Amino acid sequence: MKASLSNAAFGLFKKYIHDKCGINIGEEKAYLIETRLSKLLVDAQVSSFEALYHKIVKEDDASMAVKVIDAITTNETLWFRDKTPWLILEELLLPKYIEKLRMGEKQRIRIWSAAASTGQEAYSTAMCIDRYLEKNAIKDITLSHFQIIATDISNTVLEIAKKGRYDAVSMIRGMAPEYKDRYFTKQGMAWKIDDKIKNAITFKSFNLQNSFVFLGQFDVIFFRYVLIYFANILREEIFNKLSTTIEKEGALIIGASEIYHQLDRFFDMKHHTQGTYYMRRETNEGTYSR
Ligand SMILES: C[S@@+](CC[C@H](N)C(=O)[O-])C[C@H]1O[C@@H](n2cnc3c(N)ncnc32)[C@H](O)[C@@H]1O
């Protein structure tokens, strides 16, 4: 018989998930816990959600905790998602940063894909940079001048990202033939990304609830389609941390359909073509903490 989620079990998991990864599940989304965690009842050999919760917490079962996070996180992503970030990169940021590298004002440009999922965002960035350098016949600056760090809380998606192998369905989601032909090789049923692009990314496990201090400073931060799952208070904390993690003239890029009023305390919105990005506000009433 299918187990149903009681109010008490919903409350326990809601708090557990919020504490572990910041994801806020309202009552109207209780079905998410019920549908996504029901498979774990079988894995854990228990018959109710309360029993599952107590097994995870009491036995401090790390592998089950990982499974809960994997089941509850939404890993939806695609190549060159929203299009405009890559135009901003090509038309505005790359010319500026290449100039700074040439002038010796910077030794390298640091880019962070903060909720990387299966890697499409970070790889799109590396391909965009490499293609830009090639198209403009730039030889003195190479992809190795750009350090791209990609992080996620879910080790399952990070493992897929690190492999750099994608099935046909993932490949049609946002990938232009120009990039597919240039950077991918067919291997059986999958498409494998070039080692040059793969090796340009460092994938790491990281919980965005933690301090950003050890990650260092970044020139460009992609922070897209993850804050939507967080409560307002955590969003505000994250914008505060981002404001000290981004370089003075750095660009913060969020999802094209994301709007957060808390951002205004720390960042100014800038427009380029059809897209937007954010720059750290120099005078603000925010209190910075990392
Ligand atoms: C919808 S995907 C976004 C992927 C990509 N940024 C994009 O825009 O295509 C959201 C990702 O955020 C990750 N995530 C959720 N909570 C997190 C947390 N507390 N710390 C780090 N990553 C988290 C999920 O595992 C998931 O892979």
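Remember, predicted model here, so these are calculated numbers, not experimental data.

**Section: helix 2 (residues 30-44)**
In step 1: For helix 2, spanning 15 residues, the distance from its first C-alpha to its last is 20 Å, which sits close to the expected 21 Å at 1.5 Å a residue.
In step 2: At leucine 37, helix 2 is deflected by roughly 40°, the largest bend along its length.
In step 3: Positive backbone phi, at 55°, marks glutamine 45, one or two positions downstream of helix 2.

**Some details on the pairing of strand 5 (residues 190-193)**
In step 1: When strand 3 (residues 165-166) meets strand 5, the two strands line up antiparallel, connected through 2 bridges. Pairing of tyrosine 166 across the sheet is with tryptophan 191, part of strand 5.
In step 2: Inspection of the sheet shows strand 4 (residues 184-187) paired to strand 5 by 4 bridges, in the antiparallel sense. Residue pairing across strands places threonine 185 opposite lysine 192, the latter belonging to strand 5.

**Some points on the packing of helix 1 (residues 7-21) against helix 4 (residues 62-72)**
In step 1: In the contact formed by helix 1 and helix 4, the axes pass within 11 Å of each other and the chain directions differ by 90°. Of the possible angle classes, the one that applies to helix 1 and helix 4 is roughly perpendicular. Note on element contacts: helix 4 touches helix 1 through Ala65, Val68, Ile69 and Ile72, opposite Ile17, Lys20 and Cys21.

**Some words on the site of the ligand**
In step 1: Near the ligand there are 23 residues, and of these Thr73, Thr77, Ala115, Ser117 and Ile153 occur at the shortest range.
In step 2: In terms of residue class, the shell around the ligand is made up of 8 nonpolar, 10 polar and 5 charged.
In step 3: When residues of the shell around the ligand are assigned to domains, at least three map to each of domain 1 (7-72) and domain 2 (84-280).

**Structural notes on the domain arrangement of the chain**
In step 1: By the assigned domains, the chain splits into domain 1 (7-72) and domain 2 (84-280).
In step 2: Look at where the C-alpha atoms of domain 1 and domain 2 centre, and you get two points 31 Å apart.
In step 3: Contacts between domain 1 and domain 2 engage 7 residues on the former and 11 residues on the latter.
In step 4: Class assignment for the residues of the side of domain 1 that touches domain 2 results in 4 nonpolar, 2 polar and 1 charged.

**Brief notes about the environment of phenylalanine 49**
In step 1: Tracing the backbone shows phenylalanine 49 in helix 3 (residues 49-58).
In step 2: Residues phenylalanine 49 and valine 220, spaced 171 residues apart in sequence, show a C-alpha to C-alpha distance of 42 Å.
In step 3: Setting aside anything within four residues of it in sequence, one finds phenylalanine 49 in contact with Ala3, Leu5, Ser6, Ala9, Phe13 and Leu37.

**A few points about helix 6 (residues 120-135)**
In step 1: Compared with an ideal rise of 1.5 Å per residue, which puts 16 residues at 22 Å, helix 6 spans 22 Å between its outermost C-alpha atoms and is within 8% of the ideal.
In step 2: Every buried residue belonging to helix 6 is among Gln120, Glu121, Ala122, Tyr123, Ser124, Thr125, Ala126, Met127, Ile129 and Asp130, and all of these are buried.
In step 3: After helix 6 finishes, the residue alanine 137 shows a positive phi value of roughly 50°.

**Things to note about unusual backbone geometry**
In step 1: The phi dihedral of glutamine 45 is positive, around 55°, even though this residue is not glycine.
In step 2: Judged by the 9 C-beta atoms lying within 10 Å of it, glutamine 45 falls in the exposed class.
In step 3: Although it is not a glycine, tyrosine 225 adopts a positive phi angle of roughly 55°.
In step 4: Judged by the 20 C-beta atoms lying within 10 Å of it, tyrosine 225 falls in the buried class.

**Quick notes on the nonpolar core**
In step 1: Membership of the largest hydrophobic core comes to 74 residues, with the highest contact counts inside it found for Ala126, Ile148, Ile221, Phe223 and Leu252.
In step 2: Examining the composition of this core, we find that 7 residues originate from one element, helix 5 (residues 84-102), more than from any other.
In step 3: Taken domain by domain, this core gets at least three of its residues from each of domain 1 (7-72) and domain 2 (84-280).
In step 4: Excluding its chain neighbours within four sequence positions, the residues that come into contact with alanine 126 are Leu143, Ile148, Ile197, Ala200 and Ile201.

**A few points about the pairing of strand 8 (residues 246-253)**
In step 1: As judged from the 4 bridges shared by strand 7 (residues 218-222) and strand 8, these two strands associate in the parallel manner. Looking across to strand 8, one finds that isoleucine 221 is bridged to leucine 252.
In step 2: Following the backbone out of strand 7, through helix 11 (residues 232-245) and into the adjacent parallel strand 8, one traces a crossover that is right-handed.

What counts as what
Residues numbered from 1 in each chain as written. Predicted model: local features only at pLDDT ≥ 70, side-chain atom pairs only at ≥ 80, totals over all residues. Helix = DSSP H or I, 4+ residues; strand = E, 2+ residues; numbered from the N terminus. Expected span 1.5 Å × (residues − 1). Bend = angle between axes of the 7 residues up to and from the residue. Pairing = 2+ DSSP bridges. Axes fitted to C-alpha atoms, helices over the stretch in contact; angles between N-to-C directions. Parallel < 35°, antiparallel > 145°, perpendicular 65-115°, else oblique. Contact = placed C-beta atoms within 7 Å. Near = placed C-beta within 6 Å. Nonpolar A, V, L, I, M, F, W, Y, C, P; charged D, E, K, R; others polar. Domains from an automatic or database assignment. Buried ≥ 20, exposed ≤ 12 C-beta atoms within 10 Å, placed from the backbone. Core = buried A, V, L, I, M, F, W, Y, C linked by C-beta atoms within 7 Å. Right-handed = clockwise from strand over helix to strand, strands pointing away.

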